[in-house]
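# Inside the fold
Residue-level listing of the chains:
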2 protein chains.
Amino acid sequence: MAESWATLGVDLHLEPTGSGGLRRGLTDALRDAVRSGRLAPGTRLPSSRSLAADLGIARNTVAEAYADLVAEGWLTARQGSGTRVAPGTRTPSAPARPAGATPATSHRAPTRPLHDLAPGIPDLASFPRTEWLKATRRALATAPFHALGYGDPRGRPELRTALAGYLARARGVRTDPDAILVTAGFSHALTLLGTVLRARGVRTVAVESYGLDVHWALLRGAGMATPALPYDALGTDPVVPQTAGAVLLTPAHQFPMGTALHPDRRAAVVAWARRTGGLVLEDDYDGEFRYDRQPVGALQGLAPDQVVYLGTASKSLAPGLRLGWMVLPPALAAEVARAKGQADSVGVLEQLTLAEFLTSGAYDRHVRSSRLRYRRRRDALATAVTERAPEVEVTGIAAGLHAVLRLPPGTEESVVQAAAWQGLALHGLTYHRHPEAVTEHLDALVVGYGTPPDSAWAGALEALCRVLP
Amino acid sequence: MAESWATLGVDLHLEPTGSGGLRRGLTDALRDAVRSGRLAPGTRLPSSRSLAADLGIARNTVAEAYADLVAEGWLTARQGSGTRVAPGTRTPSAPARPAGATPATSHRAPTRPLHDLAPGIPDLASFPRTEWLKATRRALATAPFHALGYGDPRGRPELRTALAGYLARARGVRTDPDAILVTAGFSHALTLLGTVLRARGVRTVAVESYGLDVHWALLRGAGMATPALPYDALGTDPVVPQTAGAVLLTPAHQFPMGTALHPDRRAAVVAWARRTGGLVLEDDYDGEFRYDRQPVGALQGLAPDQVVYLGTASKSLAPGLRLGWMVLPPALAAEVARAKGQADSVGVLEQLTLAEFLTSGAYDRHVRSSRLRYRRRRDALATAVTERAPEVEVTGIAAGLHAVLRLPPGTEESVVQAAAWQGLALHGLTYHRHPEAVTEHLDALVVGYGTPPDSAWAGALEALCRVLP
């Protein structure tokens, strides 16, 4: 017979932030309740089904939170006697848990919410596994044996050559393989650039009023101030502070607003860089995905000596590959290669596989079929929102894997909260707003329509429509 | 008709240091000759065959040096007119090279010498490509789609679980998957540890009198002093300076001396760590390869709370995989995971492939067959040296992929020089000696007998015997 949560007399605070928030919130709340003695040793907890029903969340979330706490030693689970608070758990100083379980557990990766519309991850279920395996086979069959040794810190020449060709053709990047550096993704590249900029005496990198805090944090970790540039209808206004030695931009597709930087602004930022010797860090995270207009070429093509072009396979293929690339101004290439060194190099087999994937045309084919998939989803999203929530305006959808849904003023926080309680992961625009953003305040949602597998897309869209005002 | 090098009237200085030294030395010498005007624009260079014969080095080395300089714009190569000095190359301020080629080229990875007996690289030609592809296929077939997303900074649970089992069985490591962190190799792990130790206030990490300068340099890069511990017949003597918060050791197989740390010394270093709260960083780089004695278990098994165990696939499989692992004291696991974060994570497909490789038994099979191959080579080395150079003593051969050849006093430098001129890469022991080493001076060579492919092994051994006194 299930006890209800309420009968345990414990307050429950669930963190409604981002993906994985529900499970972590529940885990933390339960752990606190045990630690503080509000749940006494031996107490039987409600079944996961019953607690899930009480909280209106997925049963799996409860089951996983229970499993976490069993692993940590706060709870015990035995066939027949259900889940109970472990003996000897009352005081924080003597929990009956294996030494070290807590610190390790605090880094457990977030698990999946019931519906995932958080931006930034492509449809992983459509990762081209068969084609990737084929490319791996070819890479393994043709790699010279010495390629398996310690290699060039810039990456395998096969991949740099393939990237130089692809980026020139698909993104208008002007480069040669010697100025390309293969990285373990965008964050790795940004970390290396932070190190090099710091060594050059730069202490300020201007960023956009909207963006990703994890990127700003990486720059701050390198000792940079990260003031915000103004944002308006033409995109980011590059009125760069005098102190700044570089500026981080998403010119082709502002993240998350979804606009392309206006041509006047592109010219202005290049002029700034030429005038001051500053660097433009061009984050071209999803340059491949354009629907209703001609692709906007990379800013790098205008000024190869002033722009560091940053690309990644995280959106076009999968973040788990940990593959990205930098196209560097020639004068910077050696410095960045030195900063990278051997320590954090990228596996050569993955590099050779991606090179095969690019040169065989498999990359283009995958991008084309993904573009079709995402375009269909975008259309379904726009149609559904227009029908079901006419007060909500769908913007930023000419390109990319996410949309910005403008909400009636004052409603963002409650919508995000409602979504979290439904097990629906998405971001409020506030989440992506710089603390010192120079732009009007907007209530909006950032919805990643690329994320769910095809089988979960309709359900996720329905869950979204349910929480819209 | 080939011109001879001498007719060009150019001094040639070849750097005889380490692998790749000949090619780089030749490239630098030629570039200097062009830059200084000693080789005038339009001058036709000797054919690579002819220059190689003049210098007594491999033709490939010359051809590659020429190709480097053509790529840089210093030389031109045309069918029918041979290799010539490019026009407009006389002054250093106006070389006819593409902008930026030089800095990038200065980071070109060293290429292979004629005979490679430098320690530290296994036989890459015997990398188990078919088995690796099989494991990749299984990994791709079974990975849940969400594994392709951003993951746990510690690495995939499948791999950490497989490693925990393997390390317990094969190396006597006591751990669980939560305390394991997957890295892009040993250097990456050491870099992370440097960061964490520094944040804990450590400013000194004691190291061995013999070792790898690149490792000491990584620690120095993290702001550590790296004083040397004494080394004698029992191995490294852990009389750790009071200032040191950690010590970096190779207990199972001292690198490069090849001895196992004496049991008394093992006990002493653990006692030091327990007494002071210091950390032992255990570099178990080739723990799998034992020939004449029982494997020496990991020091970590004695003191899991005091020892960070560091392993790598670089010796057992290939450095190009960029896969390594750390087994951390539970109290340190969360801190190191935080220091790692997402930025420099390791590709999940490589991780899942290695997990498959371990659990399927393919790893054990590969280690066994490699052990047999290396043991045969070691025996051939010992026999040949004893016969051909009776004054040379072969030591440190109970385990591993390299041997230490003790030379008559005062002969090391000339032997290393002679080897370099023969295109034979190996290291003098001095190369691995700490600048403040506390140990008697020995003249010796460090010979990596694991490195050449089977087809090149006999030739490399012959080249070695030719340069021995």
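In this text the structure is predicted, and so the values were computed from the model without any measurement. (Residues numbered from 1 in each chain as written. Chains lettered and ligands numbered in written order. Predicted model: local features only at pLDDT ≥ 70, side-chain atom pairs only at ≥ 80, totals over all residues. Heavy atoms only, no water.)

Our next topic: the overall build of chain A. When helices and strands are tallied, chain A shows 14 helices and 17 strands. Residues counted as buried form 60% of the 469 residues belonging to chain A. Residue pairs in contact within chain A that sit at least 24 positions apart in sequence constitute 73% of those at least 6 positions apart. Here chain A displays about 17,600 Å² of accessible surface, and carbon together with sulfur accounts for 54% of that area. (Helix = DSSP H or I, 4+ residues; strand = E, 2+ residues; numbered from the N terminus. Buried < 20%, exposed > 50% of the residue type's maximum accessible area, 1.4 Å probe, protein only. Contact = heavy atoms within 4.5 Å. Areas by Shrake-Rupley, 256 points an atom, 1.4 Å probe, with all protein chains shown as cover.)

The next point concerns the sheet that holds strand β9 (residues 246–249) of chain B. Residues and elements named next belong to chain B. Strand order in the open sheet made by the seven strands is β4-β12-β11-β10-β9-β5-β6, with mixed pairing throughout. At either end of the open sheet lies a strand with only one pairing partner, and these are β4 (180–183) and β6 (228–229). Relative to strand β12 (residues 324–327), β4 is paired through four bridges, and the arrangement is antiparallel. Note on β12: the bridge partner recorded for Ile180 is Val327. Running at roughly 175° to strand β5 (residues 205–208), helix α8 (residues 213–221) makes contact with β5, β9 and β10 (279–283) of the sheet. (Pairing = 2+ DSSP bridges. Axes fitted to C-alpha atoms, helices over the stretch in contact; angles between N-to-C directions.)

As enumerated under the stated definition, the model contains 42 salt bridges over all chains in all. Linking Asp123 of chain A and Arg377 of chain A is a salt bridge whose minimum nitrogen-to-oxygen distance equals 3.2 Å. Pair noted here: Asp123 of chain A is in the loop between β3 (115–116) and α5 (129–142) and Arg377 of chain A is in helix α12 (residues 362–388), with a separation of 254 residues, a long-range link. For the pair Asp123 of chain A and Arg377 of chain A, a shared accessibility class is recorded, and that class is buried. Across the salt bridge formed by Asp152 of chain B and Arg160 of chain B, the nearest N and O atoms sit 3.5 Å from each other. On the basis of relative accessible area, Asp152 of chain B is assigned to the buried category, the value being 13%. Arg160 of chain B gets classed as buried once you look at its relative accessible area, which sits at 4%. Residues joined in a network through salt bridges with shared partners are Asp123, Arg373, Arg377 and Asp454 of chain A. (Salt bridge = Lys/Arg side-chain N within 4 Å of Asp/Glu carboxyl O.)

Attention shifts here to the interface of chain B and chain A. Listed per partner, the contact involves 58 residues of chain B and 57 residues of chain A. The interface formed by chain B and chain A contains zero salt bridges. At the boundary of chain B and chain A, one finds ten residue pairs in polar contact (both at pLDDT 80 or more). Every element with two or more residues in the side of chain B that touches chain A is listed here: α4 (101–105), α5 (129–142), α7 (186–199), α10 (330–340) and α11 (348–359) of chain B. Take the side of chain B that touches chain A: its biggest share by element is seven residues, from α5 of chain B. Split into classes, the residues belonging to the side of chain B that touches chain A amount to 30 nonpolar, 17 polar and eleven charged. (Polar contact = N/O pair within 3.5 Å; in protein donor to acceptor, adjacent residues only side chain to side chain. Nonpolar A, V, L, I, M, F, W, Y, C, P; charged D, E, K, R; others polar.)

This part is about the relation of the copies chain B and chain A. By a simple turn and slide, chain B fits onto chain A: the slide is 0.2 Å along the axis, the RMSD is 0.3 Å, and the turn is 180°. Taken together, the rotation angle and the small translation identify this as a two-fold axis. In this assembly the copies share their binding face: 98% of the residues contributing to the interface of chain B also contribute to that of chain A. (Least-squares fit on C-alpha atoms with pLDDT ≥ 70 in both.)

Residue and element names in this part refer to chain B. Extensive coverage of β10 is indicated by the burial of five of its five residues. Side-chain alternation along β10 places Leu279, Leu281 and Asp283 on one buried face and Val280 and Glu282 on a second face that is also buried. For the handedness criterion, the β-α-β arrangement of β9, helix α9 (residues 263–276) and β10 is classed as right-handed. In terms of strand pairing, β10 meets strand β11 (residues 307–312) through four bridges, oriented parallel. Counterpart to Glu282 in the pairing with β11 is Tyr309. (Right-handed = clockwise from strand over helix to strand, strands pointing away.)

Between two packed helices, both the angle of their axes relative to each other and the distance between the axes serve to describe the pair. All names here are of chain B. Interhelical geometry of helix α6 (residues 157–171) versus α11 gives an angle of 35° and a closest axis separation of 8 Å. The hand of the α6/α11 crossing is left-handed. Together, Glu158, Leu159, Ala162, Leu163 and Tyr166 of α6 and Gln351, Leu352, Leu354, Ala355, Leu358 and Thr359 of α11 make up the contact between the two elements. In terms of residue class, the contact of α6 with α11 is made up of eight nonpolar, two polar and one charged. (Left-handed = near helix turned anticlockwise from the far one by under 90°.)

Inspection of the secondary structure puts Gly149 of chain A in the loop between α5 and α6 (157–171). Gly149 of chain A gets classed as buried once you look at its relative accessible area, which sits at 5%. Residues Gly149 of chain A and Gly423 of chain A, spaced 274 residues apart in sequence, show a C-alpha to C-alpha distance of 46 Å. Each residue touching Gly149 of chain A, except ones within four places of it in the same chain, is listed here: Leu124, Pro319 and Gly320 of chain B.

Further remarks concern the confidence of the model for chain A. Looking at chain A, the pLDDT average stands at 86 and 87% of residues meet or exceed 70. Here residues 90–110 of chain A scores under 50 on pLDDT; set against residues more than four positions off or in separate chains, the count is 55 contacts. (pLDDT = per-residue confidence, 0-100.)

The description of two aromatic rings rests on the distance between their centres and on the angle between their planes. Residue and element names in this part refer to chain B. Inspection of the entire model under this criterion finds twelve aromatic pairs over all chains. Centroid distance Phe127 to Trp132: 5.8 Å. Interplanar angle 55°. Geometry classified as tilted. There is no split in this pair, since Phe127 and Trp132 are both buried. On the basis of an interplanar angle of 55° and a centroid distance of 5.2 Å, the ring pair of Trp132 and Phe357 is categorised as tilted. A residue pair is termed long-range when its members are at least 10 positions apart, and Trp132 in helix α5 and Phe357 in helix α11 qualify at 225 residues. (Phe/Tyr/Trp six-rings, centres within 6.5 Å; stacked < 30°, edge-to-face > 60°.)

Moving on to the nonpolar core. Core analysis: the biggest nonpolar cluster contains 134 residues, and Leu405 and Leu464 of chain A together with Leu405 and Leu464 of chain B have the highest contact counts within it. Non-local contacts of Leu464 of chain A, meaning those with residues more than four positions away in its chain, are made with Leu117, Leu381, Leu405, Leu424, Leu426, Leu445 and Val447 of chain A. (Core = buried A, V, L, I, M, F, W, Y, C linked by side-chain atoms within 4.5 Å.)

Moving on: helix α8 (residues 213–221) of chain A. All names here are of chain A. All buried positions along α8 are accounted for by His215, Trp216 and Leu219. Along the long axis of α8, the arc covered by the buried residues comes to 100°, so they all point the same way. Turned more than 90 degrees away from the buried face of α8 sit Val214 and Gly221, all of them exposed. Tucked into the core, α8 has its buried residues touching α7 (186–199), β5 (205–208), β9 (246–249) and β10 (279–283). One or two steps after α8, the chain reaches Gly223, where phi turns positive at roughly 90°. (Arc of directions from axis to C-beta.)

Turning to the packing of helix α12 (residues 362–388) of chain B against helix α14 (residues 454–467) of chain B, a few remarks are in order. Residues and elements named next belong to chain B. Interhelical geometry of α12 versus α14 gives an angle of 25° and a closest axis separation of 10 Å. Here α12 lies roughly parallel to α14, going by the angle between them. With respect to the hand of their crossing, α12 and α14 are arranged in right-handed fashion. Judged by residue contacts, Arg373, Arg377, Ala380, Leu381, Ala384 and Arg388 of α12 engage Asp454, Trp457, Leu461, Glu462, Leu464, Cys465 and Arg466 from α14. Residues belonging to the contact of α12 with α14 are distributed by class as follows: seven nonpolar, no polar and six charged. (Parallel < 35°, antiparallel > 145°, perpendicular 65-115°, else oblique.)

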